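Listed below are the residues making up each chain.
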Amino acid sequence: MTVTPEQDFVLKTIKSRDVHFVRFWFTDVLGRMKSFAVIPSELEDAFADGMGFDGSCIEGFCRTQESDMLAYPDASTFQVLPWRPESNAVARMFCNLRTPDGSPFEGDPRQVLARTAAKAQAMGYVFNIGPELEFYYFKDAEGTEVLDRGGYFDLTSLDYASDLRRDTVLTLEKMGIPVEYSHHENGPSQHEIDLRFTDALSMADAVMTYKLVVKEIAMKHGVHASFMPKPMAGEPGSGMHVHQSLYDLDGNNAFYDPNDPQGYHLSKVAKHYLAGLLKYAPEFCAITNQHVNSYKRLIAGGEAPIYLSWARSNRSTLVRVPGYRPTSEGACRLELRSPDPSANPYLAFAAMLAAGLAGIEEELELQEPNEDQDLFMLSRQDLRQQGIATLPESLGEAVELFAESELMRATLGDHIHSYLVAAKRAEWNDYQGYVSQWERDRYLAVL
């Protein structure tokens, strides 16, 4: 067989680094990491012909009678896992999934993003992403006992978790994932690590790695890390603000226009893209905010924006145009502030990109910015009276908008779209039948 230079590098590194197992990583449709281990002697065959596994065991993949799957490792994603021993080392590669006849498996989230990025490339663009993922550290997985009472950007004795953050950042960098910032967030024991922007597929791989590394390092320190969107009432939820931009194939930022008459330095392409995000955000909300709990964060008056609006300095809008370096072409981007870190990054990034590209194709007109009004002060009813549309109020509402979305069906494919509609309707129906402590406290004694 012919071995590519990247595959040859992998095979040589395995010998030189004493790697005894290579884990093949991929996600199910909901974004949960799956893997199986392969011994090095099998790798050449795996590069050529894939490694078989039973797809019927994976959530959202396929029925038992269609269960044979092949995982083809992507040599460009090879990394030795730094938290495992150096002798008898363990490495990983992300995989693309195929059916036995060699065609891409339609239930593979990674290939949904690859396909959407290829569409952008055919239109002359590379999609770049820089996400900010927030999370909480808790004493254990059984409750929400926090490790500190620090606040936003605190660097005091309150921030007990700075060692955990440091170890996490160093581990990520050992795996070739550059980090831009890390700091204490607004909530007690809440933290944020921001990854340096890169192309969307590499970033989705990096986000999956990041979430695993955060949890591994926390476990090593004897605590629990959670990416649950809203783990505690009365405290901030955890978001995944997604900074995004399109570059042309010559490496120029297609979003940047120094002569923008509105003064935002946004090109027509950027404004159409932004209009697409605003138009389709309610339809892709079931992807970017995929759980019942996600909508406990997306509430009027909360810190997460629910209003289909945009601005530069107003952080209560759904999309912000960061203005730290307004005249820098490289810094010109849009920040979508509604997603949360429980999302499957492959599907979430694909949904955002599809919405933005639709805005470009449809040449959507961008509404006026909302710079001056603090939208966090308004209820959903107030917003409706002012003609400001919002994201869905619940997973139940979100999944019905998603079910009717032609754009989401076309982007994700029938297999994933129909699976998610069924799975999310089932989750919502389950939740509706649950009687909470809030209801007992409010009603049991008086009704």
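Calculation rules
- Residues numbered from 1 in each chain as written.
- Predicted model: local features only at pLDDT ≥ 70, side-chain atom pairs only at ≥ 80, totals over all residues.
- Heavy atoms only, no water.
- Axes fitted to C-alpha atoms, helices over the stretch in contact; angles between N-to-C directions.
- Helix = DSSP H or I, 4+ residues; strand = E, 2+ residues; numbered from the N terminus.
- Parallel < 35°, antiparallel > 145°, perpendicular 65-115°, else oblique.
- Left-handed = near helix turned anticlockwise from the far one by under 90°.
- Contact = heavy atoms within 4.5 Å.
- Domains from an automatic or database assignment.
- Buried area = accessible area lost by both parts, 1.4 Å probe.
- Salt bridge = Lys/Arg side-chain N within 4 Å of Asp/Glu carboxyl O.
- Polar contact = N/O pair within 3.5 Å; in protein donor to acceptor, adjacent residues only side chain to side chain.
- Nonpolar A, V, L, I, M, F, W, Y, C, P; charged D, E, K, R; others polar.
- Patch = residues over 30% accessible without salt bridge, like charges linked within 9 Å, V, L, I, M, F, W, Y side chains within 5 Å.
- Areas by Shrake-Rupley, 256 points an atom, 1.4 Å probe, with all protein chains shown as cover.
- Lys, Arg positive; Asp, Glu negative; His and termini not counted.
- Charge placed at Lys NZ, Arg CZ, Asp CG, Glu CD.
- Buried < 20%, exposed > 50% of the residue type's maximum accessible area, 1.4 Å probe, protein only.
- 1 Å grid on protein atoms, 1.4 Å probe; cavity = no way out; pocket = protein on both sides within 12 Å on 5 of 7 lines; lining within 4 Å.
- Points joined across faces, edges and corners; volume = space filled by probe spheres on them.

S.K.: Sorry, what's going on with the packing of helix α3 (residues 109–122) against helix α5 (residues 200–220) here?
M.R.: A pair of packed helices is characterised by two quantities: the angle between their axes and the separation of those axes. In the contact formed by α3 and α5, the axes pass within 9 Å of each other and the chain directions differ by 155°. Classified by the angle between their axes, α3 and α5 sit roughly antiparallel to one another. Crossing hand, α3 versus α5: right-handed. Between α3, through Arg-110, Leu-113 and Ala-114, and α5, the contact on the second element is made entirely by Ala-200, Leu-201, Ala-204 and Asp-205.

S.K.: Looking at this structure, I do not really get the domain arrangement of the protein. What am I missing?
M.R.: Often, the extent of an interface is quoted as the loss of accessible area upon association of its parts. Partitioning the protein into domains gives domain 1 (3–102) and domain 2 (112–438). When each unit is reduced to the centre of its C-alpha atoms, the spacing between domain 1 and domain 2 is 28 Å. On the domain 2 side, the residues contacting the 18 residues of domain 1 number 20 residues. Counting each side, the surface lost to burial between domain 1 and domain 2 is near 1,700 Å², with a carbon and sulfur contribution of 66%. Area buried by domain 1 at its contact with domain 2 is led by Val-29, Leu-30 and Trp-83, which between them contribute 37% of it. The interface formed by domain 1 and domain 2 holds zero salt bridges in total. Joining domain 1 to domain 2, the criterion identifies five residue pairs in polar contact (both at pLDDT 80 or more). Put simply, the parts of the chain that give the side of domain 1 that touches domain 2 at least two residues each are β1 (19–27), β5 (79–80) and β6 (89–98). Per-class residue counts for the side of domain 1 that touches domain 2 are 10 nonpolar, five polar and three charged.

S.K.: Teacher, can you tell me more about a negative patch on the surface here?
M.R.: A cluster of acidic residues, Glu-42, Glu-44, Asp-45 and Asp-49, forms a negative patch on the protein surface. With respect to the secondary-structure elements, Glu-44 resides in helix α2 (residues 43–49). Relative accessible area serves as the criterion here: at 38%, Glu-44 is assigned to the partly exposed category.

S.K.: Please explain the layout of surface pockets as it appears in this structure.
M.R.: It is a probe the size of a water molecule, rolled over the atoms, that shows where empty space is left. Within this model, the second largest pocket holds a volume of roughly 470 Å³. Lining the second largest pocket are 18 residues, with Arg-32, Lys-211, Lys-215, Phe-227 and Ser-342 sitting closest to its centre. Counted by class, the lining of the second largest pocket contains nine nonpolar, six polar and three charged residues. No fewer than three residues from each of domain 1 (3–102) and domain 2 (112–438) sit in the lining of the second largest pocket.

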